[in-house]
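Structural overview for review
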Amino acid sequence: MATKATRTQRTSLANRSVLGIKGKEPGYVYRIVNDTGDRIASFQEQGYEIVTDSSITIGDRRVGRASADGSPVQVAVGGGVDGFLMRIKEEFYKEDQAYKEQKLLELEQSMRKEANDIADYGSLKIK
């Protein structure tokens, strides 16, 4: 009598998480930053740090992608470019997002004022 072999769970190509991050530490916001130009240094100046925790992984299972403890977590993003996993404290991320939102609101208000100042008929509504 033949026994049933246990089969590895198959993952559909449509459901792959190529750049999904697993094992994130709470209280941080993570992103993958392409290593082009001075992008890594620019993000570090803004408060981001390169992740070196080997328990954090990017994407689905990969063969031969082991990294030593203390080395940066990275992934090939295509075109010969590597992306490095970086993170920032959530409170700093929220501050940055609020600042960007405020700048957008100020821009919208100036656009509305300018449109209303030069319009001699009609109205402007931005939703």
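Residues numbered from 1 in each chain as written. Predicted model: local features only at pLDDT ≥ 70, side-chain atom pairs only at ≥ 80, totals over all residues. Heavy atoms only, no water.

With that out of the way, let us pick up the overall build of the chain. Check the secondary structure of the chain and you find two helices and six strands. In the chain, the succession of α and β elements from N to C terminus is β-β-α-β-β-β-β-α. Counting across all 127 residues of the chain, residues that qualify as buried make up 16%. Partitioning the contacts of the chain with sequence separation of at least 6, the portion at a separation of at least 24 is 61%. In the form shown here, the chain has an accessible surface area of approximately 10,200 Å², with 50% of it arising from carbon and sulfur atoms. (Helix = DSSP H or I, 4+ residues; strand = E, 2+ residues; numbered from the N terminus. Buried < 20%, exposed > 50% of the residue type's maximum accessible area, 1.4 Å probe, protein only. Contact = heavy atoms within 4.5 Å. Areas by Shrake-Rupley, 256 points an atom, 1.4 Å probe, with all protein chains shown as cover.)

This part takes up the side chain of Arg87. Its place among the elements puts Arg87 in strand 6 (residues 81-89). Residue Arg87 is classed as buried on the basis of its relative accessible area of 14%. Reaching out from Arg87, the side chain makes a polar contact with the side chain of Glu25 at a distance of 3.0 Å. In terms of polar contacts, Arg87 uses its side chain to reach the side chain of Tyr30, at 3.2 Å. Excluding its chain neighbours within four sequence positions, the residues that come into contact with Arg87 are Glu25, Tyr28, Val29, Tyr30, Gly47, Tyr48, Glu49 and Val51. (Polar contact = N/O pair within 3.5 Å; in protein donor to acceptor, adjacent residues only side chain to side chain.)

With nine residues, the main nonpolar core is built from Ile21, Tyr30, Ile32, Val51, Ile56, Ile58, Val73, Val75 and Leu85. Not counting residues up to four positions away in its chain, the partners in contact with Val73 are Val51, Thr52, Asp53, Ile56, Ile58, Gly83, Phe84 and Leu85. Residues Val33, Phe43, Phe84 and Ile88 belong to the second largest nonpolar core, which totals seven residues. (Core = buried A, V, L, I, M, F, W, Y, C linked by side-chain atoms within 4.5 Å.)

Once that is clear, we can look at a nonpolar patch on the surface. Side chains of Leu104, Leu107 and Met111 sit close together on the surface and give an oily, nonpolar patch of about 290 Å² of accessible area. Mapped onto the elements, Leu104 comes out in helix 2 (residues 90-118). (Patch = residues over 30% accessible without salt bridge, like charges linked within 9 Å, V, L, I, M, F, W, Y side chains within 5 Å. Salt bridge = Lys/Arg side-chain N within 4 Å of Asp/Glu carboxyl O.)

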